[in-house]
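Next come the chains, spelled out residue by residue.
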Amino acid sequence: MSVPAKITILRAILPNDASAKAALGLGTFSKTESRSVTLTSGQMTTEALVGRIKELSKLRDEILQVMRQLNLTRKAGPSSDDQFDYEEETETAHEELDEIRNQYQEIQGKIEKIQRQVDDSKKKIAALTEISQTGFAADQLESEAGDFRRFVGRLPVKKSEAAQKALQSQFKDQAALAVGNKKQDAVYVLIAAPKDKSSQVLQTLLLYDFNPIEIPEHELSDVESEIQRQEDRAKAESEELDELKLQLDESRGKTGQALNRRLDEVIDALMLLRGILKLGERTNASRVYIRLERSLPAETVDNLTRTGIIELEPSS
């Protein structure tokens, strides 16, 4: 299977001379655009031009940052309009970015909330399923109010006898251990001990690789019904999660198109201002856009840079 060629976008503001014609020969005809443009700032001072370039550079970086945050693909292209209303366009761009961030954070927040609920339901299902496999009845597992605490877990079969002897030796008749179902190389055990001794009992069992299981706080009288309820809940939550992810994907698709267009406009406006500083006010120049499928030699890049303003950008 062939590997797609890496694409580089070359934008350039060049004087209307041989340098522009040479640049046009760098790409194929179908992937090259050139338009004549008169470089004019409306009699802005050099200080004002530099200030505007800085602001547009910040806006460009902000757009790129949002695109990275949303994992959006950069698809560079020539902007459709040479007329960039700085005040209006920059204000609109900042409003769009704020709206995009808020929308993304809102959807992402919902996704994270539902994902936590799904994970919680699955955790409860796993715990209840294991409880149902222990071989102990619900009334055996539920701790009643009083001085005793019950806990359940798994012990390796080969260590269960030694663990029982250790409990008998250390706690005599203060701790009771019942054996339930066997699961592979482990056996479920139920332990009852005085609350003031339960920590010591647990520490003793851990020496024999005891793996405790959390006993759910809700009623255990009908575990199967509770498992079904949690599975229904998890299914509904998963469906809601899928819908939110689809909504996020659709939003990212539209946002990607909008931000790519906006970024093209900002970059082209930025290059025009830089072109005015370098080539001079009222200079007749060529705005060149070339889609390159191979890297330019360093010498070519240096020559274009000396002649005018260029911008090389990877693109999909």
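This structure is a prediction, so every number in the text was calculated from the model and none was measured.

What counts, and where the lines are drawn
Residues numbered from 1 in each chain as written. Predicted model: local features only at pLDDT ≥ 70, side-chain atom pairs only at ≥ 80, totals over all residues. Heavy atoms only, no water. Helix = DSSP H or I, 4+ residues; strand = E, 2+ residues; numbered from the N terminus. Buried < 20%, exposed > 50% of the residue type's maximum accessible area, 1.4 Å probe, protein only. Axes fitted to C-alpha atoms, helices over the stretch in contact; angles between N-to-C directions. Parallel < 35°, antiparallel > 145°, perpendicular 65-115°, else oblique. Left-handed = near helix turned anticlockwise from the far one by under 90°. Nonpolar A, V, L, I, M, F, W, Y, C, P; charged D, E, K, R; others polar. 1 Å grid on protein atoms, 1.4 Å probe; cavity = no way out; pocket = protein on both sides within 12 Å on 5 of 7 lines; lining within 4 Å. Points joined across faces, edges and corners; volume = space filled by probe spheres on them. Salt bridge = Lys/Arg side-chain N within 4 Å of Asp/Glu carboxyl O.

A.B. asks: Help me out: how do you make sense of the environment of Arg150 in this one?
C.D. replies: Position of Arg150 relative to the elements: it lies in strand E3 (residues 148–156). Judged by its relative accessible area of 28%, Arg150 is partly exposed.

A.B. asks: Please clarify how the packing of helix H2 (residues 46–69) against helix H7 (residues 223–279) should be interpreted in this entry.
C.D. replies: In helix packing, the relevant descriptors are the interaxial angle and the interaxial distance, both defined with respect to the helix axes. One can describe the packing of H2 onto H7 by two numbers: an axis separation of 9 Å at closest approach and a directional angle of 155 degrees. Here H7 runs roughly antiparallel to H2, going by the angle between their axes. Two packed elements cross with a definite hand, and for H2 against H7 that hand is left-handed. Classifying every residue of the contact of H2 with H7 gives 18 nonpolar, three polar and four charged.

A.B. asks: How should empty space enclosed by the protein be read in this particular structure?
C.D. replies: Which parts of space are left empty comes out when a probe the size of a water molecule is rolled across the atoms. Considering all chains together, one arrives at two cavities of 30 Å³ or more under this definition. Considered as a void within the structure, the largest cavity measures approximately 80 Å³ in volume. Forming the walls of the largest cavity are Arg11, Ala12, Ile13, Glu33, Ser34, Arg35, Pro78, Asp268, Met271, Arg287, Val288 and Tyr289. When residues of the lining of the largest cavity are traced back to their parent elements, those giving at least two are strand E1 (7–15), strand E2 (32–39), H7 and strand E7 (283–292). Residue composition of the lining of the largest cavity, grouped by class: six nonpolar, one polar and five charged. Volume-wise, the second largest cavity comes out at about 40 Å³. Taken together, Leu70, Ile100, Gln103, Tyr104, Leu248, Ser251, Arg252 and Thr255 make up the full set of residues lining the second largest cavity.

A.B. asks: Help me out: how do you make sense of the pattern of salt bridges in this one?
C.D. replies: Here the structure, examined in full by the defined rule, presents 19 salt bridges. Here Glu62 ties to Arg101 by a salt bridge, and the two come within 2.7 Å at their closest N and O atoms. On the criterion of sequence distance, the pair formed by Glu62 in helix H2 and Arg101 in helix H3 (residues 86–132) is long-range, its members being 39 residues apart. Here Arg101 makes a salt bridge to Asp98, at a shortest N to O gap of 3.1 Å. Here Asp98 and Arg101 lie together in helix H3, a separation of three residues that amounts to about one turn. Here Asp98 falls in the partly exposed class, since its relative accessible area comes to 43%. What emerges from the salt-bridge pattern is a single network uniting Arg11, Arg74, Asp264, Asp268 and Glu313.

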